[in-house]
Amino acid sequence: MGAHRAILVVAGGIPLLLVVTLLATIGYAAFRVPGAAGFTLSNFREVYSDPFIYKALLNTIVFAVIAVLTAAITAVPIAWLTERSDLPARGMIFPLMTLSLLIPGFATAMGWLVLLHERVGIISHWISSLFSLERSPINVNNVIGMGFVQGLTLTGLMFIMIASSFRAMDPALEESAEAHGLSLATRLRKVTFPLMWPSILAASLYTLTVGFGSFDIPAVIGMGSNVFVFSTLVYEQARPEGGIPHNELAAATSFLLFFVAILFSYWYLRVVRQSSRYAVVTGKGYRPKLVSLTRTQRVLGWTFVGIVVLLAAGLPFLALLWTSLNRYFVLPSMSAFQNLTLEAYRTLSLSFAGPAIENTIILIFVVPTLTAIFSLAISWVIVRSELKGISGAYDALAFTPHAIPSIILALGAVVIGLWYVPASLPFYGTLNILLAVYIVTWLGFGTRVYNSALLQIHRELDEAGSVFGLKRLTVLRKILLPLIVPAVIYTWVWVALLVYRELTVAAFLASQSNVVLSTFVWQQWQQDTSRGAALSIVMILAMMPLIAIYFWAGRRMASRKS
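Residues numbered from 1 in each chain as written. Predicted model: local features only at pLDDT ≥ 70, side-chain atom pairs only at ≥ 80, totals over all residues. Heavy atoms only, no water.

Brief notes about the overall build of the protein
Consideration 1: Scanning the protein for helices and strands turns up 28 helices and 0 strands.
Consideration 2: By the burial criterion, 53% of the 562 residues in the protein qualify as buried.
Consideration 3: Here the analysis covers contacts within the protein between residues at least 6 apart in sequence; of these, 79% occur between residues at least 24 apart.
Consideration 4: About 25,400 Å² of surface is accessible on the protein, with carbon and sulfur atoms providing 66% of the total. (Helix = DSSP H or I, 4+ residues; strand = E, 2+ residues; numbered from the N terminus. Buried < 20%, exposed > 50% of the residue type's maximum accessible area, 1.4 Å probe, protein only. Contact = heavy atoms within 4.5 Å. Areas by Shrake-Rupley, 256 points an atom, 1.4 Å probe, with all protein chains shown as cover.)

Written out as structure tokens, the structure reads:
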């Protein structure tokens, strides 16, 4: 192995070694009791003999299933309208759906609490007043309500995952069904959706994995109502309010969460591998054709899209805006409009939120940069190194953080920081621990983008560089890297947006010295809803420049592929 190849292999192996270390630490901690010698099963006995964990497991299953059903019911029709119909101005749908995906989940949860809290929610109050009820039967303070809100936040993700399959579908079978007199509804039910089933199932399984390990929405909505899922249970065990942390119990609890996530991920990958059985696009004679909609269908189509965007982004944003303009929570009315105030915004200052802003800015620049570098090295090993055994291992390890809940990785970092890293080293309770877990968490996304980009570049360019005496690092820097600049920018901006909106890892690893904007907003929301809502509004508006760059990079990538 040459020196330059070795450098790339080592550079890619550093974060993957951290992945292995974090997961191994969780396994080790689950069988240990602090201060005791040897291994024990007592942690598992204590955790799994408690009936509460099975209630949390049931809550998690119901929560994840409701989230998937909500996302599928909303995303699949919109994907069909966008890619298979002649809906006017359908090009606007993709940015709208992506925008709803990028709004922080905890902000959406806060907005829906304002709207559908069982006692003081705006919509809940209207329902209870209209039907003379003591409390509204429709609220988000339960597992089904949380799952509904989670599903709305995942609609954009599922839409992106299945839209390309609708776009690539050969219309020949649909045309044949139409020629035999089948109506549009029958063609969709008997032809289109059965052919799209593998893509829909794969997206649903991936979304199910995300929902099973979700933390932000269950934390904002569920913990206040004493409704726990697995992620919030692990958080409560490791960070009890006013109690002693039990990281070993959290590690034992995480075992079930980890294996369920791996099972779903294996199922997802298996569905993806078997999707070729349903292939309906061939290189010969493929001709895309859009379904012509009637005027009524077009109106209904845009109405459905508008309702979904309103539920996923519009209503929560307006609810937060209303909350931020009132000193105390009040229901909308003419008299309330006369008492609106900007006091919550006036209290926001650099001295008030300065440390959180500073930490967030540091992470926004450092995490995407290091993630882009490490991901590129890993992707080069996978796609270009010709080291079959190593490349396969790198590919599997790079996907692993993508498959398991990030709260498990955060727990592993906590155990390492408390049990093994000397207090003199700046790790536990600092930005460094957030930096390490963030990079590991988004390695999977970075490598998937780079793998696709590198596969599109023929190896002849590498060989041409070698003929002229260029070393592997030089070929990567002067030939490959300039060709994948859109992918690099796309990855950098997307990871920066994820860092900006991320709450799970930030909340789990939070201390006085590493508070970021997401955890700061959550803390303020718990103390003062008006100021917390104002911070959320400012935080969402501050994302707009990054979102604009993300769309620009996405268009550049699309133009390169075409």
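Concerning the packing of helix H26 (residues 517–527) against helix H27 (residues 529–542)
Consideration 1: Contact pair H26 / H27: the axes reach a minimum separation of 6 Å and the direction vectors enclose 155 degrees. On the basis of the axis angle, H26 is roughly antiparallel to H27. Two secondary-structure elements touch here, H26 through Leu 517, Ser 518, Phe 520, Val 521, Gln 524, Trp 525 and Gln 527 and H27 through Thr 529, Arg 531, Gly 532, Ala 533, Leu 535, Ser 536 and Met 539.
Consideration 2: Its residues assigned to classes, the contact of H26 with H27 shows 7 nonpolar, 6 polar and 1 charged. (Axes fitted to C-alpha atoms, helices over the stretch in contact; angles between N-to-C directions. Parallel < 35°, antiparallel > 145°, perpendicular 65-115°, else oblique. Nonpolar A, V, L, I, M, F, W, Y, C, P; charged D, E, K, R; others polar.)

Some remarks on the nonpolar core
Consideration 1: Within the largest apolar cluster, 176 residues are counted, with the highest numbers of intra-cluster contacts made by Leu 363, Val 367, Leu 411, Tyr 438, Phe 508 and Leu 509.
Consideration 2: In contact with Tyr 438, other than residues within four places in its own chain, are Leu 363, Val 367, Val 499, Glu 502, Val 505 and Ala 506. (Core = buried A, V, L, I, M, F, W, Y, C linked by side-chain atoms within 4.5 Å.)

Describing the packing of helix H4 (residues 93–102) against helix H14 (residues 295–324)
Consideration 1: At a closest axis distance of 9 Å, the pairing of H4 and H14 adopts a crossing angle of 20 degrees. With respect to each other, H4 and H14 are oriented roughly parallel. Handedness of the H4/H14 crossing: left-handed. Each of Ile 93, Leu 96, Met 97 and Ser 100 in H4 lies in contact with H14, whose residues at this interface are Trp 302, Val 305, Val 309, Ala 312 and Ala 313.
Consideration 2: The residue makeup of the contact of H4 with H14, split by class, is 8 nonpolar, 1 polar and no charged. (Left-handed = near helix turned anticlockwise from the far one by under 90°.)

Quick look at the side chain of Thr 209
Consideration 1: Within the secondary structure layout, Thr 209 lies in helix H10 (residues 197–212).
Consideration 2: Take Thr 209: its relative accessible area is 10%, and that puts it in the buried class.
Consideration 3: Setting aside residues up to four positions removed in sequence, Thr 209 forms contacts with Ala 261, Phe 264, Ser 265 and Ala 403.

Section: a nonpolar patch on the surface
Consideration 1: Taken together, Ile 61, Val 65, Leu 69 and Ile 73 make up a surface patch of nonpolar side chains, about 350 Å² in accessible area.
Consideration 2: Topologically, Leu 69 is positioned in helix H3 (residues 51–84).
Consideration 3: When its relative accessible area of 45% is taken as the criterion, Leu 69 is described as partly exposed. (Patch = residues over 30% accessible without salt bridge, like charges linked within 9 Å, V, L, I, M, F, W, Y side chains within 5 Å. Salt bridge = Lys/Arg side-chain N within 4 Å of Asp/Glu carboxyl O.)

Section: the pattern of salt bridges
Consideration 1: Going through the model one piece at a time under the given rule, you end up with 5 salt bridges.
Consideration 2: With a shortest N-O distance of 3.7 Å, Glu 118 and Arg 135 are connected by a salt bridge. Of this pair, Glu 118 sits in the loop between helix H5 (105–116) and helix H6 (122–130) while Arg 135 is found in the loop between H6 and helix H7 (143–168), placing the two residues 17 residues apart along the sequence.
Consideration 3: Residue Arg 135 is classed as partly exposed on the basis of its relative accessible area of 45%.

Here we look at the packing of aromatic side chains
Consideration 1: Evaluated as defined, the whole model comprises 21 aromatic pairs.
Consideration 2: Seen in terms of ring centroids, Phe 94 and Phe 159 are 6.0 Å apart; in terms of plane orientation they differ by 55 degrees. Their pairing is tilted. On the criterion of sequence distance, the pair formed by Phe 94 in helix H4 and Phe 159 in helix H7 is long-range, its members being 65 residues apart.
Consideration 3: With a relative accessible area of 32%, Phe 94 lands in the partly exposed category.
Consideration 4: Among the aromatic residues, ring-to-ring pairing joins Phe 31, Phe 44, Tyr 48, Phe 255, Phe 258 and Phe 259 into one connected group.
Consideration 5: The ring of Phe 39 is capped by Arg 32, whose NZ or CZ atom sits 5.5 Å from the centre of that ring. (Phe/Tyr/Trp six-rings, centres within 6.5 Å; stacked < 30°, edge-to-face > 60°. Lys NZ or Arg CZ within 6 Å of the ring centre and 35° of its normal.)

Topic: the environment of Thr 294
Consideration 1: Examined against the element boundaries, Thr 294 turns out to sit in the loop between helix H13 (247–273) and H14.
Consideration 2: With 207 residues separating them along the chain, Thr 294 and Leu 87 place their C-alpha atoms 9.4 Å apart.

Some points on the side chain of Arg 32
Consideration 1: Mapped onto the elements, Arg 32 comes out in the loop between helix H1 (3–30) and helix H2 (42–48).
Consideration 2: Buried Arg 32, no salt bridge; nearest opposite-charge side chain is Glu 248, N-O distance 10 Å.
Consideration 3: In contact with Arg 32, other than residues within four places in its own chain, are Ala 37, Gly 38, Phe 39, Thr 40, Asn 43 and Glu 248. (Lys, Arg positive; Asp, Glu negative; His and termini not counted.)

Considering H26
Consideration 1: A large share of H26 lies buried, amounting to 8 of its 11 residues.
Consideration 2: Taken together, the buried positions of H26 are occupied by Leu 517, Ser 518, Thr 519, Phe 520, Val 521, Trp 522, Gln 524 and Trp 525.

Just geometry here; none of it tells us what the structure is for.
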